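Each chain, written out:
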Amino acid sequence: MRAASPARPDRTPRWRSLAGPLVALLVGLGAGAAIHAAVAAPAPLHAAVAAPAPLHAAVAAPAASTETPRPAPVDYSRYRKLDIFARALTTIEQHYVRPVDGERLIHSAIAGLVAELDPHSEFLPPREARLLREDIEGSFGGVGMMVVQRFEPDPEPRLVLEVREVVPGGPAARAGVQTGDLILSIEDRPISHYVDLRRAILTMRGEPGTKVRFTFERTGQGPRTVTVTREVIDSPAVIGRYLGNGIGHVRLRDFSETSARELDDALENLRQSAADTGLRGVVLDLRDNGGGLLDQAIAVVDLFVGEGAIVRTRGRQGTLLDEVSARPGGHWNKVPLALLVNKASASASEVVAGALQDHRRALVVGERTYGKGSVQAPFDLGDGSVLKLTIALYYTPNDRLIQATGITPDVLIGTAAPAYKDSLPDLDPERAHPRHLRPEAFGYSPHPEAGIGDALAAVGEDVQLRTAVEHLQTLGLTEAPRRRR
């Protein structure tokens, strides 16, 4: 039995250090998923981020090219392109009809350069780079809610922010905001006026003690404008609750620097809550989890898997760059596990889902995931800005590519339960016959004693969570006779 996570050394340094086998890299923070609407003070990037990450010593050498390289022209120089850029910049600064901001032009040029790459490689000027740091480090100051962008066609086409979660006791909660509310505007600007979700969140974030105004509406009610005071919010990565009947529900909101440790602690709390019956199953909820740190995704899988590959990282032309395997001795690798995912589960969430599915360690329930299977590394450019660059793709233990494919659940279920359809509507059961032999129970119940009421009652109207709990309980019923033998 190995020690709990807090006593175990981390696999790698914090995210700012890129030394090591690509296990402290970003894997899609905010890719097609929610971002927290809160803020923390910026932390400087480590100097090691300025250089590309050295690969693991066991990294395979790139495959030999079958094409004979052609010699470069005698007068070739890669810096000639920079000379053209310098001439263009100088011309604009000297001859444009109005004075220009040279630094802003440089930033725009770099952004245009990266725009020719994949959608997850991007240039972040200093202010937006600070947002990236805050999301990773898990401590925020702001209004205390998680939002996603949504298009609404009715009653008229519009962009809104849907509130997916409200931090209890935070500024938004005290202002009356609830999960499911729609934010129509921030500082009197409609959501459609913001270029993307990040810009909208940057407006809601700010220094603690300052105020921000936004308008939201709730189903059946008209718009309401509120002003809230920003606060420092240390938002937990993990929220756990005991459902009853030996079943626990743990929601992992993101993969920040403390996620695996918090998950281990939450599981221990669930085990203590289920002391009488024992922990018979856990639902690990990765819905709306857009990713984060790859080393934390690996550490999460390591809690449940005792051997074998967790993730493979491949570069150009499928060249194997790194493979990370589980360590033996995890004390949660025997707990029955169901994994909840939806369309907004991306990147690090897909690494976890793919690994647990390939190892037959968890039953994956929900919707097909987002399909963001690329790995980004942040490179500090020296002025507070960051170049977030895609450097590899990741694969599941069975070498399944997740990029643009996603993880297909074992049990496919949306937010509404499918309607029951009678297979033989014309066939009347025995009890419908007028002369049927009426049952006499003689003290025996005609129904199996499942004992599943508390857990199912606790899930409420969450159809996906209910399905996961039902499958865990079914597994418990089938294993019970073996435990008694």
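Residues numbered from 1 in each chain as written. Predicted model: local features only at pLDDT ≥ 70, side-chain atom pairs only at ≥ 80, totals over all residues. Heavy atoms only, no water.

1. Observations regarding the packing of aromatic side chains
So the rule is basically this: Pairing of aromatic side chains here covers Phe, Tyr and the six-membered ring of Trp, requires ring centres within 6.5 Å, and sorts the geometry by plane angle: under 30 degrees stacked, over 60 edge-to-face, intermediate tilted. Exposure is judged per residue with a 1.4 Å probe applied to protein chains only, and the accessible area is read against the type maximum: over 50% gives exposed, under 20% gives buried, and values in between give partly exposed. Whether a charge lies above a ring is judged from NZ of Lys or CZ of Arg, which has to be within 6 Å of the ring centre and within 35 degrees of the ring normal.
Counted under the stated rule, the structure contains 1 aromatic pair. A centroid spacing of 6.4 Å and a plane angle of 45° characterise the contact between Phe214 and Phe216, whose relative ring orientation is tilted. For Phe216, a relative accessible area of 3% translates into the label buried. One Lys or Arg, Arg189, reaches over the ring of Tyr194 and ends 4.4 Å from the middle of that ring. The aromatic ring of Tyr395 is capped on one face by Arg314, whose charged end is 5.4 Å from the ring centroid.

2. Some words on helix α2 (residues 102-114)
Inclusion rule: Helix and strand assignments come from DSSP, with helices taken as H or I runs of at least 4 residues and strands as E runs of at least 2, each series counted from the N terminus. To estimate how far a helix should extend, the number of its residues minus one is multiplied by 1.5 Å. Between N or O atoms, a polar contact is any pair within 3.5 Å; within protein, one atom must be a potential hydrogen donor and the other a potential acceptor, and residues adjacent in sequence are included only when both atoms are from side chains.
Relative to the 18 Å expected for 13 residues at 1.5 Å per residue, α2 spans 19 Å between its end C-alpha atoms, a close match to the ideal helical length. Backbone nitrogen of Glu103 and a side-chain oxygen of the N-cap are separated by 3.1 Å at the start of α2; the cap is Asp101.

3. Brief notes about the layout of surface pockets
What counts is decided by this rule: Using a grid of 1 Å spacing that covers the protein atoms alone, one calls a set of points a cavity when a 1.4 Å probe fits there but cannot get out, and a pocket when the set is open and has protein on both sides within 12 Å along at least five of seven lines; lining residues are those with an atom within 4 Å of a point. Grid points are joined across faces, edges and corners, and a volume is the space filled by probe spheres set on the points. In this count, Pro and Cys sit with the nonpolar residues alongside Ala, Val, Leu, Ile, Met, Phe, Trp and Tyr, while Asp, Glu, Lys and Arg are called charged and the others, Gly among them, polar.
Put simply, the second largest pocket is a space of about 590 Å³. Every residue lining the second largest pocket is counted, 23 residues in all, and those nearest its centre are Arg164, Arg251, Arg287, Asp288 and Asp462. Secondary-structure elements contributing two or more residues to the lining of the second largest pocket are β6 (158-166), β12 (238-244), β13 (247-252) and α10 (463-484). Looking at which element gives the most residues to the lining of the second largest pocket, the answer is β6, with 4 residues. Residues that form the lining of the second largest pocket fall into these classes: 5 nonpolar, 8 polar and 10 charged.

4. Quick notes on the pairing of strand β16 (residues 309-314)
Our working definition: A pair of strands counts as paired when DSSP detects no fewer than two bridges linking them.
The buried fraction of β16 amounts to 6 of the 6 residues, a majority that puts the element mostly inside the structure. In terms of strand pairing, β16 meets strand β17 (residues 320-325) through 5 bridges, oriented antiparallel. Note on β17: the bridge partner recorded for Arg312 is Glu323. Connecting β16 to the antiparallel partner β17 that follows it, the hairpin turn spans 5 residues, and Gln317 within it adopts a positive phi of roughly 55°.

5. As for the packing of helix α7 (residues 294-304) against helix α8 (residues 348-358)
The condition is simple: In this analysis an axis means a line fitted to C-alpha atoms, helices contributing only their contacting stretch, and an angle means the value between N-to-C directions, from 0 to 180 degrees. Every angle not falling under 35 degrees, over 145, or within 65 to 115 is termed oblique; those three ranges are roughly parallel, roughly antiparallel and roughly perpendicular. In a left-handed crossing the near helix is turned counterclockwise from the far helix by less than a right angle, and in a right-handed crossing that turn is clockwise. Whether two residues touch is decided by their heavy atoms; if any such pair falls within 4.5 Å, the residues are in contact.
With their axes 9 Å apart at the nearest point, α7 and α8 run at an angle of 25° to one another. Taken together, the axes of α7 and α8 are roughly parallel relative to one another. Crossing angle aside, the handedness with which α7 passes α8 is right-handed. Of the residues in α8, those in contact with Leu294, Ala297, Val300, Val301 and Phe304 of α7 are Ala348, Val351, Val352, Ala355 and Leu356. In the contact of α7 with α8, the residues fall into 10 nonpolar, no polar and no charged.

6. Considering unusual backbone geometry
At the junction of Asp154 and Pro155, the peptide bond is cis and its omega measures out at -5° in the coordinates. Tracing the backbone through its elements, the reader meets Pro155 in the loop between β5 (145-152) and β6. In this model, Arg360 sits at a positive phi of 55°, which is unusual for a non-glycine residue. Along the polypeptide, Arg360 turns up in the loop between α8 and β19 (363-366). Residue Arg360 is classed as exposed on the basis of its relative accessible area of 74%.

7. Digging into the sheet that holds strand β22 (residues 411-412)
Note: strands within a sheet are paired through backbone hydrogen bonds, in either parallel or antiparallel orientation. Read from one edge to the other, the open sheet built from 6 strands follows the order β12-β13-β14-β18-β19-β22, with strand pairing classed as mixed. Each edge of the open sheet carries a strand with a single partner, namely β12 and β22. Across 4 bridges, the pairing between strand β18 (residues 337-341) and β19 is parallel. In the strand pairing of β19, Leu339 is matched with Val364.

8. A few points about the confidence of the model for the protein chain
Interpretation of this model should avoid reading the predicted coordinates in detail wherever pLDDT is low. The test is simple: Residue-level confidence of the predictor is what pLDDT reports, using numbers from 0 through 100.
Overall, the predicted model of the protein chain reaches an average pLDDT of 83, with 81% of residues at or above 70. In this model, residues 28-65 is a region of pLDDT below 50 whose contacts with residues beyond four sequence positions or in other chains number 113 contacts.

9. Concerning the nonpolar core
As a reminder of what qualifies: As used here, the term nonpolar core means buried Ala, Val, Leu, Ile, Met, Phe, Trp, Tyr and Cys residues forming a set that is joined through side-chain atoms within 4.5 Å.
Membership of the largest hydrophobic core comes to 45 residues, with the highest contact counts inside it found for Leu263, Val300, Phe304, Leu339 and Leu356. Of all the elements in the fold, those that place two or more residues in this core are β13, α6 (259-273), β14 (281-285), α7, β16, β18 and α8. Top element by residues in this core is α7. It accounts for 8 residues. Sequence-distant contacts of Phe304, defined by excluding residues within four places in its chain, comprise Leu263, Leu267, Leu284, Trp332, Asn333, Leu337, Leu356 and Arg361. Ile191, Leu197, Phe216 and Val226 belong to the second largest nonpolar core, which has 24 residues in total.

10. Brief notes about a nonpolar patch on the surface
Rule in force here: Think of a patch as exposed residues, more than 30% relative accessible area, with no salt bridge, where like charges cluster within 9 Å and nonpolar side chains (Val, Leu, Ile, Met, Phe, Trp, Tyr) cluster within 5 Å. We get accessible surface area from the Shrake-Rupley algorithm with a probe of 1.4 Å; when it comes to residues, only the shown protein chains can shield them. Counted as salt bridges are all cases of a side-chain nitrogen of Lys or Arg within 4 Å of a carboxyl oxygen of Asp or Glu.
Residues Ile92, Tyr96, Val97 and Val100 make up a contiguous nonpolar surface patch of roughly 380 Å² in combined accessible area. Position of Tyr96 relative to the elements: it lies in the loop between α1 (79-95) and α2.

11. A closer look at the pattern of salt bridges
Scanning the model with the defined rule gives 25 salt bridges in all. Of the charged contacts in the structure, one is a salt bridge between Arg87 and Asp83, with a shortest N-O distance of 3.0 Å. Highlighted residues: Arg87 and Asp83, both in helix α1, separated by 4 residues, approximately one helical turn. For Arg87, a relative accessible area of 57% translates into the label exposed. Between Asp462 and Arg287 there is a salt bridge; the shortest N-O distance is 2.8 Å. Highlighted residues: Asp462 in the loop between α9 (453-459) and α10 and Arg287 in the loop between β14 and β15 (292-293), separated in sequence by 175 residues. Classification of Asp462 by relative accessible area gives partly exposed; the value is 24%. Put simply, Arg150, Glu152, Arg158, Glu162, Arg164, Glu217 and Asp288 are held in one network by salt bridges that share partners.

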